[in-house]
Amino acid sequence: MPESASYRKVDLHTHSTFSDGRLTPTQLVDLAVEQKVSLFALTDHDTLDGLAEARAQAAAHQLPFLNGVELSTQWKGIPLHMVALNFDPNNAALNALVEKNQGIRLDRARRIADLLVKQGLPDLFDEAVALAGNSQLGRPHFASLMVEKGLVKDANKAFDRYLGNKRLGSLRDVWPELEEVLGVLREQGMALILAHPKRYPLTVTKLKRLLADFTAWGGTGMEIASGNERPDHVRLLERLSQEFGLDASVGSDFHGPFGPWTQVGHFTQIHETSVDLVWRDWV
Ligand code: AMP
Ligand code: MN
Ligand code: MN
Ligand code: MN
């Protein structure tokens, strides 16, 4: 990002051990401070449980902190992620959605385990539940077990062969509809941001249809940079955010020092002056 008077190193998309991240909220905030982040959000998958710890640690470092969550939804049968930002963690509507998704996660994990058994793998359900502990159980936990047991070479292979959306068939069709989620949250005064729009199997034409629906249903923003996204994709997303009147958000989507993730506070450079930054009123 260019240095300028308005420059802030923000990171509005990160994960901790309360979902599928490797660092505790405290460790994650410490890393954000080390990386000189000046506005930070924790956005674990379908849980608010890490927010209090992260907020306390951020306060100890005088790091401005926003409550966040990455909600699992779907649109036309495609799983989509939506980041909600800057809310009261006691918001009843949001808590109800989060609890519903947690139930879906457990149910889906049972079905994923069954699907893997059908493909000749051992039943990994109990170990996946144990591995997740008090964090949100997800496919990365299955992937870790498969690697640990030597069933696949690495997590990427686990997704390629067994866990990717294409491999899960009708099992990917489990999340609440985007329209329903936005309907519940649109009057709740929080930012509602489409996460990493270039990571879905959508042509630009279809992505525009999604953005039209997203805007009409009450979405307020979209990520224009997520980790080490291709610069031409960032340019496209900058233009689309302006075309659809959506605020621009950014984040590393950091999960840990492994896999494809970039460092906390790092993402492909954006043109701050050609978009409406979601954090303009928060700093
Ligand atoms: P779930 O929340 O259970 O649907 O799992 C989705 C999570 O899996 C994403 O948030 C990523 O953290 C992780 N993931 C997705 N694809 C891959 C991949 N190819 N390799 C490693 N992790 C992945
Ligand atoms: Mn994840
Ligand atoms: Mn995501
Ligand atoms: Mn994420």
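Here goes a summary of the coordinates provided. Because the structure is a prediction, the values reported are computed rather than measured.

1. Brief notes about the packing of aromatic side chains
Counted by the stated rule, this structure contains one aromatic pair. Look at Phe40 and Phe65: their rings are 6.2 Å apart centre to centre, the planes differ by 35°, and that puts the pair in the tilted class. Of this pair, Phe40 sits in strand β2 (residues 39-42) while Phe65 sits in strand β3 (residues 65-75), and the two are 25 residues apart along the sequence. Taken individually, Phe40 and Phe65 each receive the classification buried, so the pair is uniform in this respect. The ring of Phe258 carries Arg22 above its face, with NZ or CZ at 4.1 Å from the centroid.

2. A closer look at the side chain of Gln35
For Gln35, the location among the structural elements is in the loop between α1 (25-34) and β2. With a relative accessible area of 17%, Gln35 lands in the buried category. Apart from the residues lying within four places of it in its own chain, the contact partners of Gln35 are Lys9, Gln263, Val264 and His266.

3. As for the coordination of the manganese ion (ligand 4)
Those protein atoms acting as donors to the manganese ion (ligand 4) are His13 (NE2), His15 (NE2), Glu70 (OE) and Asp253 (OD), and they sit at 2.1 to 2.2 Å. Expressed as a motif, the donor residue spacing for the manganese ion (ligand 4) is H-x1-H-x54-E-x182-D.

4. Overview of the pattern of salt bridges
Counting across every chain of the model gives twelve salt bridges. The shortest N-O distance in the salt bridge between Arg186 and Glu187 comes to 4.0 Å. Among the charged side chains, a network of salt bridges with common partners joins Arg110, Asp114 and Asp123.

5. Structural notes on the coordination of the manganese ion (ligand 3)
Summarising the metal site, the manganese ion (ligand 3) is bound by the protein donors Glu70 (OE), His81 (ND1) and His196 (NE2), whose distances to it range over 2.1 to 2.2 Å. A separation of 5.6 Å is found between the manganese ion (ligand 3) and the manganese ion (ligand 2). In this pair, Glu70 sits in strand β3 while His196 sits in the loop between β5 (191-194) and α9 (204-216), placing the two residues 126 residues apart along the sequence. Owing to a relative accessible area of 5%, His196 belongs among the buried residues under this scheme.

6. Looking at the site of ligand 1
Residues in close proximity to ligand 1 include Asp20, His45, Arg105, Arg108, Gly138, Arg139, Pro140, Asn156, Phe159, His255 and Trp261, which together make up its full environment. Across the complex, the protein chains shield 80% of the 500 Å² of accessible surface that ligand 1 would expose by itself. When residues of the shell around ligand 1 are traced back to their parent elements, those giving at least two are α3 (92-118), α5 (139-148) and α6 (155-163). Tallied by class, the residues present in the shell around ligand 1 amount to three nonpolar, four polar and four charged. Composition of the shell around ligand 1 by domain shows at least three residues from each of domain 1 (10-90 + 191-236 + 245-274) and domain 2 (99-168).

7. A word on the nonpolar core
Ranked by size, the top nonpolar core spans 69 residues in total, and within it Phe40, Met82, Leu94, Leu178, Leu185 and Trp279 carry the most contacts. Element by element, the count of residues in this core is highest for strand β4 (residues 78-85), at six residues. Residues in contact with Leu178, not counting those within four places in the same chain, are Thr73, Gln74, Trp75, Leu80, Met82, Leu210, Phe214 and Trp217. Within the second largest apolar cluster, 23 residues are counted, among which are Leu124, Ala128, Phe142 and Val174.

8. Side note on the sheet that holds β5
Taken together, seven strands build an open sheet; the order of strands is β1-β2-β3-β4-β5-β6-β7 and the sheet is mixed. A single partner strand is all that each edge strand has here, and the edge strands are β1 (10-11) and β7 (247-251). In this sheet, β2 lies alongside β1 in parallel orientation, the contact comprising two bridges. Bridge pairing links Asp11 to Phe40 in β2. Most of the contacts of helix α8 (residues 178-185) go to β3, to which it runs at about 145°, and overall it touches β3, β4 and β5. The strands touched by α9 are β3, β4, β5 and β6 (221-226); relative to β5, the strand with the most contacts, the crossing angle is about 170°.

9. Focus: the environment of Asp123
For Asp123, the location among the structural elements is in the loop between α3 and α4 (125-132). For Asp123, a relative accessible area of 42% corresponds to the partly exposed category. Between the alpha carbons of Asp123 and Ile112 there is a distance of 9.6 Å; along the sequence they are eleven residues apart. Setting aside chain neighbours within four positions, we find Asp123 in contact with Arg110, Ala113 and Val117. Within the structure, Asp123 has its side chain in polar contact with the side chain of Arg110 (distance 3.1 Å). A distance of 3.0 Å separates the side chain of Asp123 from the backbone nitrogen of Phe125, its partner in a polar contact.

10. A closer look at a positive patch on the surface
A grouping of Lys153, Lys157, Arg161, Lys166 and Arg167 is seen on the molecular surface, where their side chains present a positively charged patch. With respect to the helices and strands, Arg161 occurs in helix α6. In this structure Arg161 comes out as partly exposed when scored by relative accessible area, which is 46%.

What counts, and at which threshold
- Residues numbered from 1 in each chain as written.
- Chains lettered and ligands numbered in written order.
- Predicted model: local features only at pLDDT ≥ 70, side-chain atom pairs only at ≥ 80, totals over all residues.
- Heavy atoms only, no water.
- Phe/Tyr/Trp six-rings, centres within 6.5 Å; stacked < 30°, edge-to-face > 60°.
- Helix = DSSP H or I, 4+ residues; strand = E, 2+ residues; numbered from the N terminus.
- Buried < 20%, exposed > 50% of the residue type's maximum accessible area, 1.4 Å probe, protein only.
- Lys NZ or Arg CZ within 6 Å of the ring centre and 35° of its normal.
- Contact = heavy atoms within 4.5 Å.
- Donors = N, O, S within 2.8 Å, 3.2 Å for Na, K, Ca; no water.
- Salt bridge = Lys/Arg side-chain N within 4 Å of Asp/Glu carboxyl O.
- Near = heavy atom within 4 Å.
- Areas by Shrake-Rupley, 256 points an atom, 1.4 Å probe, with all protein chains shown as cover.
- Nonpolar A, V, L, I, M, F, W, Y, C, P; charged D, E, K, R; others polar.
- Domains from an automatic or database assignment.
- Core = buried A, V, L, I, M, F, W, Y, C linked by side-chain atoms within 4.5 Å.
- Pairing = 2+ DSSP bridges.
- Axes fitted to C-alpha atoms, helices over the stretch in contact; angles between N-to-C directions.
- Polar contact = N/O pair within 3.5 Å; in protein donor to acceptor, adjacent residues only side chain to side chain.
- Patch = residues over 30% accessible without salt bridge, like charges linked within 9 Å, V, L, I, M, F, W, Y side chains within 5 Å.
- Lys, Arg positive; Asp, Glu negative; His and termini not counted.
- Charge placed at Lys NZ, Arg CZ, Asp CG, Glu CD.

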